[in-house]
Amino acid sequence: MRRRVVVTGTGIVSGQGEGVAAHLEALAAGRTAPVGQERHSGYPVHPVVPLEWDRQIPKKSDQRQMEPWQRLGCYAAGLALEAAGLKDDPALKARMQLIVAAGGGERDYEVDSQILTGLRDAASPGAYLNEHLMSDLRPTLFLAQLSNLLAGNIAIVHGITGASRTFMGEEQAGIDALRIAEARIAAGQAEIMLVGSSYNAERPDVMLTYELGGFYWNKPFRPVRDRAAEGGGFVLGSGAAFLVLESEQHAESRGAEARAMLAPVAAVRTRRGPGSVEAAVELCWRDLGTPSPDVVLSAATGVAPATTEEHAALARLAPAARVYDLGDLMGHLMEAPGPAGAVIATGLVAAGTARDVVTSCVGHRRGEGMVRVAAAR
Amino acid sequence: MAVTGLGLVTSLGQGAEDNWAALTAGRSGIHEIRRFPVDGLRTRVAATVDFVPAEPLCAPVLSERFAELAADEAVAQSGIGRPGDFPGALFIAVPPVELDWPQRRALAEASGATEAVTYRDLLASAATGRFGEFHELFLFGTVAERLAERFGTRGSPISLSTACSSGATAIQLGAEAIRRGETQAALCIGTDGSVNPESLIRFSLLSALSTQNDPPEAAAKPFAKNRDGFVMGEGAGALVLENADHARARGATILGYLLGCGEKGDGFHRTRSSPDGAPIVAAIRDALADAELSPEDVDYVNAHGTGTPENDKMEALGLTAVIGERMKSVPISSNKSMIGHTLTAAGAVEAAISLLTIRNGRLPPTINYAVPDPAIPLDVVPNEARDASVSVVLSNSFGFGGQNTCLVLAAEPR
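Conventions we followed
Each chain carries its own residue numbering, running from 1 in the direction its sequence is written. Each chain gets a letter, beginning with A, and each ligand a number, beginning with 1, in the order they are written. It should be noted that, the model being predicted, local features are given only for residues of pLDDT at least 70 and side-chain atom pairs only at 80 or more, the latter also being counted only at that level, while totals for whole chains, interfaces and linings use all residues. Processing note: side-chain calculations cover all non-hydrogen atoms of the structure and skip hydrogens and water entirely. Here a helix means four or more residues in a row that DSSP labels H or I, a strand means two or more in a row labelled E, and each is numbered from the N terminus. Classification of residues uses two cut-offs on accessible area relative to the type maximum, computed with a 1.4 Å probe and protein chains only: under 20% is buried, over 50% is exposed, and between them is partly exposed. Any two residues having at least one pair of non-hydrogen atoms within 4.5 Å are treated as being in contact. Starting at the helix axis, one direction is taken to each C-beta atom, and the arc is that of these directions. By definition, the buried area sums, over both parts, the 1.4 Å-probe accessible area that each loses when the two are put together. Any Lys or Arg side-chain nitrogen located within 4 Å of an Asp or Glu carboxyl oxygen qualifies as a salt bridge. Here a polar contact is recorded for every N or O atom pair within 3.5 Å, except that within protein the pair must consist of a potential hydrogen donor and a potential acceptor, and residues adjacent in sequence are included only if both atoms are side-chain atoms. The classification used treats Ala, Val, Leu, Ile, Met, Phe, Trp, Tyr, Cys and Pro as nonpolar, Asp, Glu, Lys and Arg as charged, and all other residues, Gly among them, as polar. The pairing criterion for strands is at least two bridges between them, as found by DSSP. Fitted lines through C-alpha atoms give the axes, limited to the stretch in contact for helices. The angle between two N-to-C directions lies from 0 to 180 degrees. Note that the term roughly parallel is reserved for angles under 35 degrees, roughly antiparallel for angles over 145, roughly perpendicular for angles of 65 to 115, and oblique for everything else. Crossing handedness follows the turn of the near helix against the far one: under a right angle anticlockwise gives a left-handed crossing, and clockwise gives a right-handed one. Between rings of Phe, Tyr and Trp, where Trp is taken as its six-membered ring, a pair exists when centres lie within 6.5 Å; planes separated by under 30 degrees are stacked, by over 60 edge-to-face, and by other angles tilted. The criterion is that NZ of a Lys, or CZ of an Arg, lies within 6 Å of the ring centre and within 35 degrees of the ring normal, and then a charge sits over that ring. Among buried residues, the Ala, Val, Leu, Ile, Met, Phe, Trp, Tyr and Cys ones that are joined through side-chain atoms within 4.5 Å form a nonpolar core.

So, the overall build of chain A
Phase 1 of the analysis: When helices and strands are tallied, chain A shows 15 helices and 14 strands.
Phase 2 of the analysis: Considered along the principal axes of its C-alpha atoms, chain A spans approximately 70 × 50 × 35 Å.
Phase 3 of the analysis: The buried share of chain A, taken over its 377 residues, is 68%.
Phase 4 of the analysis: Considering only intrachain contacts with a sequence separation of at least 6, the fraction spanning at least 24 residues in chain A is 77%.

The following block contains the structure:
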């Protein structure tokens, strides 16, 4: 028999600020995250608000050894642990398991530029590259680049040392992190887990990756829904979202409040083609047990035609629901929209603003998933 | 939990048979790097896989090709499903990828920039749409997507990293999914083709690599007193994990059993283990507890054994803490002495070799063991393979970021 899995703590940061309340307020007001320009590329981006790192990452030495994506993740993880009442429970934190959805870390953009410039006229390009990487790369930068080193830093900073796993694979990684965590707790393979993701969009290498495929919206800003006619695309946003998930019994036994219930997560892989996104959304909906949510959070990226298909399917499946676009609220957080949706959904449910919330997450190139969060009782 | 198929690609060759022959002959797959110029590098050797063509030659394509070959072998051996229709989930450990220097250079050249090259120039080239294939190639989920498509695995494939224990974590995730009853079978793969200048230099700058370049085959010296770092390797290991009843019911040949998985995080430091070895000890104990075995049951240890001064010392300490005085006589050897450290793939590659060890009743050696380290008084199966009856193997994998994962593999179910 499956055990019920509840959310007992959440943490979130983005361009809308810090904490769930700031995000609920922005959602209610229909406020789009502020848009800025990434400084190396000039591309549009939704920057994260300035944060007082000391509040969640007390040691300056830890802050120095992390790059922004790791600091963001550690910060939001700290908020979630605090909300779940776990900050001062080292024994439980040492048993807690962790799943992080992540890509890779930042590069040294000045070094990249210098090397590319030098390579142009280098007599021996291979030797030139070796020489400059050896002398110009900061040795510890590697530890800010490895995908699993957000999890590693959460272990160091917050003492979450049960064990960690890092899932990669863009949008679907965030969905699968929630899916596997929920399934493990429901099956009794774990009692309590920290799950989440972070993303730093204020870096030109990520713009480059997505511009290569023509997925970046590098035009005057328009909301997610209004981009399809001009070819579609996404604007990346910086932020992070983490949740503490536990079995209902475990939460009860330690007197933690269940803020919401997390249903089994739906995730599918389809070959993209005309109509495939609509079909995948319908499939996920069925896997969720054809819910009747009062709110749908769509993580639609703005990429055409996936966004149009997703919105059409959602309008048909949940005609009575209020539908919000996370891409406008926060920008596109690549691996993080699934966890971010779950955090906001938990906030809506805990505040009594909604009883049943579905987050729909359709990847820019692949992967479709859904997360359903409902009132705990 | 049965294993009904396994596949291997390493610098020693393609396929379990060739690899086993080379491993038990004590042959090294480590050689001078020919893939790119090594001028100015402190480390000029690696166990690259040079016999598998890849175009373009870059980490994601190499990783995909190795994984494909290993999985082809494993799935064919298991006889499960039909070609292109694997009745189970995919869990694959893949190296984190990013655009590499040849691609950056191509974008820089195409931009026609005559002054300093900046990211604005690269983006201008990208915006022409002429380099669209780079996008898909350098997404983190692409290798898994292509393998899921090729093998027809079910559901959303998981791409994962737990650094140098990734391959073991892929197997652990598969085992958990089968235990939950979500699937009867899982295709678990670890793959890594990331020996390129920047990856090598990153490890080199952390002083993690051996710099004893001459002769290359002697560079990896796990457990020896003169060990001075690991040697980067490439390859893939694939296992078909299957519910044992399901495997028996379809008359499959069972190659061995996965009895338990254990893990423990370490919050001490980004690259170093807790000095007391407690997380390693906890991971080993967790795996044995999961297998419902006691330390006395371990016949042989397939070591993480990277050949770094730190790892081998801590691994020996942890094993001795769990197994006690008996550890002095429990054989332990490091495949990495021959195939290098296959990084993301290592846990899966070494799990496959552990199963071959059980099936063949022969222990692959730790080669290059000329100078014993008095601090590590263990039977490392020095230099030559040895016959031994092995029922239970403990396979260790440890990684940067405090990752410790251990597997218990056995000849018989418990």
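With respect to helix α3 (residues 101–111) of chain B
Phase 1 of the analysis: Taken together, the buried positions of α3(B) are occupied by B:Trp101, B:Gln103, B:Arg104, B:Leu107 and B:Ala108. An end-on view of α3(B) places all buried positions within 165° of arc, on one side of the element.
Phase 2 of the analysis: If you follow the buried residues of α3(B), they end up packed against α5 (109–121), α6 (125–136) and α10 (204–212) of chain A together with α4 (119–126), α5 (132–137) and α8 (197–205) of chain B.
Phase 3 of the analysis: Positive phi shows up at B:Gly112, right after α3(B), with a value of about 70°.

Observations concerning the interface of chain A and chain B
Phase 1 of the analysis: Taken together, the 75 residues of chain A in the interface contact 75 residues of chain B.
Phase 2 of the analysis: Around 6,800 Å² of area is buried between chain A and chain B when both sides are counted, 60% of it from carbon and sulfur atoms.
Phase 3 of the analysis: Residues A:Arg184 and B:Glu176 are paired through a salt bridge, measuring 3.3 Å at the closest nitrogen-oxygen approach.
Phase 4 of the analysis: Linking chain A to chain B there are 43 residue pairs in polar contact (both at pLDDT 80 or more).
Phase 5 of the analysis: Mapped by element, the contributors of at least two residues to the side of chain A that touches chain B are α5, α6, α7 (142–145), α8 (149–158), β6 (163–168), α9 (170–186) and α10 of chain A.
Phase 6 of the analysis: Per-class residue counts for the side of chain A that touches chain B are 33 nonpolar, 26 polar and 16 charged.
Phase 7 of the analysis: Judged from the three bridges that link them, β6(A) and strand β6 (residues 158–161) of chain B form a sheet pairing that is antiparallel. Residue pairing across strands places A:Thr166 opposite B:Ser161, the latter belonging to β6(B).

Structural notes on the packing of helix α2 (residues 59–78) of chain B against helix α6 (residues 142–151) of chain B
Residues and elements named next belong to chain B.
Phase 1 of the analysis: Between α2 and α6, the shortest axis-to-axis distance is 10 Å and the interhelical angle comes to 30°. Regarding the angle of α2 to α6, the classification is roughly parallel. Regarding α2 and α6, the two cross each other, and that crossing is right-handed. Facing α2, whose interface residues are Pro60, Glu64, Ala67, Glu68, Ala71, Asp72 and Val75, α6 presents Val143, Arg146, Leu147, Arg150 and Phe151.

Here's the deal with the packing of aromatic side chains
Phase 1 of the analysis: Evaluation of the coordinates by the stated rule reveals nine aromatic pairs over all chains.
Phase 2 of the analysis: An angle of 75° between the planes, with centres 5.2 Å apart, marks the rings of B:Phe203 and B:Phe230 as edge-to-face. Remark: B:Phe230 occurs in the loop between α8 and β8 (235–242) and B:Phe203 occurs in helix α8; sequence separation between them is 27 residues.
Phase 3 of the analysis: Take B:Phe203: its relative accessible area is 8%, and that puts it in the buried class.
Phase 4 of the analysis: Stacked on the ring of A:Trp53, the Lys or Arg A:Arg71 has its end atom at 5.6 Å from the ring centre.
Phase 5 of the analysis: The lysine or arginine in question, B:Arg104, covers the ring of B:Trp101, its NZ or CZ lying 4.6 Å from the ring centre.

Focus on the nonpolar core
Phase 1 of the analysis: Of all hydrophobic cores here, the largest spans 194 residues; its most connected members are A:Tyr210, A:Leu245 and A:Ile344.
Phase 2 of the analysis: A per-element tally of this core places α2(B) first, with ten residues.
Phase 3 of the analysis: Those residues within four positions of A:Ile344 in sequence are excluded, and the remaining contacts are A:Ile12, A:His23, A:Leu24, A:Leu27, A:Leu297, A:Leu326, A:Leu329 and A:Met330.
Phase 4 of the analysis: By size, the runner-up hydrophobic cluster in this structure holds 37 residues, among which are B:Ala224, B:Leu259, B:Ile284 and B:Met314.

Describing the side chain of B:Asp373
Phase 1 of the analysis: Looking at the secondary structure, you find B:Asp373 in the loop between β12 (362–363) and β13 (386–387).
Phase 2 of the analysis: Looking at B:Asp373, its side chain comes within polar contact range of the side chain of B:Arg227, at 2.8 Å.

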